[in-house]
Amino acid sequence: MVARKYIAITLLLSLIVLLSISIVQAQDDELRMLADFEVEELFRGNDSNGAEIGFIPWGDTANTTLEVVSADDNLALPQQDGDNNILKVTYDINSFGGFTHALTDGEEWVSQDWTAYSTLNFWLYGADSEALIQVELFDNRAPDSISDSAERFYYRILDDFNGWAYFSIPFDAFQRRTDWQPGGAPADGLGLTEVHGYAFSFPAGVGEYVNYIDDVTVSNLSGNVDVMPNVVSTDETVSEEDSVSVDSTAVAIELPEYNPDGEWELVWSDEFEADAGEPINTDYWTCEVGGWGWGNDQLEHN
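This structure is a prediction, so every number in the text was calculated from the model and none was measured. (Residues numbered from 1 in each chain as written. Predicted model: local features only at pLDDT ≥ 70, side-chain atom pairs only at ≥ 80, totals over all residues. Heavy atoms only, no water.)

Caption draft 1: Broad picture of the overall build of the chain. Within the chain, the regular secondary structure consists of two helices and 13 strands. Across the 302 residues in the chain, those meeting the buried criterion constitute 38%. Counting contacts in the chain only where the partners sit at least 6 residues apart, residues at least 24 apart contribute 76% of the total. (Helix = DSSP H or I, 4+ residues; strand = E, 2+ residues; numbered from the N terminus. Buried < 20%, exposed > 50% of the residue type's maximum accessible area, 1.4 Å probe, protein only. Contact = heavy atoms within 4.5 Å.)

Right, here's the structure in full:
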């Protein structure tokens, strides 16, 4: 009799454990937090192969800075209850700049399987730069790669608002970059089985601006990037429903129609007509030297 009770109790405990695991798995399938910035300092380091991991600012110069700050007063998110940290991004970019979050276990650059999710989500505090912010996914590095060879997919949003807006971008809204891919990057589509990270690229040539970001997640939301942003003012009270229904916008760049008979106006040129061995004209040109790979892990030194 005692043995039967013992077996019954064991089976009941096993059922409870299995039920708990199922609940945790269901919650994990609904939302995965990638960065809530509830830390004093952002992690940045190198894995055993020397690749940078964690939060990595990059650009043509030291033009993007990251800082964890408290979301006090006018920086409080809608429905914020208590203390909250957010990411402050300050930039003044000449040609390119932004930051990467290379996913990590604290020691190595590790990928995540996002096939259970449908959207990338985050809060963005607009700076009203009237320029484009590009969000990128790093998917599926080349086999046996020890550097950054992840295939790049992007989505662009227009920073034409002030205050917090919530973006939920379906994965099928991301497009493969055709202007640049790292060496060795696969060309097998956005599979989501091995996502190595994401990045935010900020606009160049617009001067100094500050954006804030919070709660980067993946989830099974339906997405909200089909209409113009419904910006949530930081000094107005909103309902919980409103706080997660902020709309964003997909931005298409319309170029003027090509006219083969049109006239071109020369703005500036340099024909390099000096004798061989003569130095460059330092009024117009400069040389960047270094062996760090300029953000793409090239093993070279100029």
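Caption draft 2: Summary view of the nonpolar core. Trp114, Leu120, Phe122 and Ile213 are the most contacted members of the largest nonpolar core, which totals 38 residues. Secondary-structure elements contributing two or more residues to this core are strand S1 (31–35), strand S5 (85–91), strand S7 (119–127), strand S8 (131–139), strand S9 (151–159), strand S10 (162–170), strand S12 (195–201) and strand S13 (209–219). Residues within four places of Trp114 in sequence aside, it is in contact with Arg32, Leu34, Leu103, Leu120, Leu137, Phe171, Leu192, Val195 and Val218. Val69, Leu77, Trp164 and Tyr212 belong to the second largest nonpolar core, which has ten residues in total. (Core = buried A, V, L, I, M, F, W, Y, C linked by side-chain atoms within 4.5 Å.)

Caption draft 3: Spotlight on a nonpolar patch on the surface. Among the surface-exposed residues, Val267, Trp268, Phe272, Ile280, Tyr284 and Trp285 lie close enough to one another that they form a single nonpolar patch of about 710 Å² accessible area. Its location among the elements puts Trp268 in the segment after helix H2 (240–243). (Patch = residues over 30% accessible without salt bridge, like charges linked within 9 Å, V, L, I, M, F, W, Y side chains within 5 Å. Areas by Shrake-Rupley, 256 points an atom, 1.4 Å probe, with all protein chains shown as cover. Salt bridge = Lys/Arg side-chain N within 4 Å of Asp/Glu carboxyl O.)

Caption draft 4: Examining the pairing of S9 more closely. For S9, the buried fraction is high: eight of the nine residues fall into the buried class. Taken together, the two bridges between S9 and strand S11 (residues 175–176) define a ladder with antiparallel strand orientation. When the bridges of S11 are listed, Phe153 appears paired with Arg176. (Pairing = 2+ DSSP bridges.)

Caption draft 5: Up close: the pattern of salt bridges. For the structure shown, the criterion picks out six salt bridges. In this structure, Glu136 engages Arg177 in a salt bridge whose closest nitrogen and oxygen atoms are separated by 2.8 Å. On the criterion of sequence distance, the pair formed by Glu136 in strand S8 and Arg177 in the loop between S11 and S12 is long-range, its members being 41 residues apart. With respect to burial, Glu136 and Arg177 carry one shared label: buried. Among the ionic pairs, Asp148 bridges to Arg152, the shortest N-O distance being 2.6 Å. Like Asp148, the residue Arg152 is buried in the burial classification. Overlapping salt bridges bring together Glu136, Asp148, Arg152, Arg177 and Asp179 as one network.

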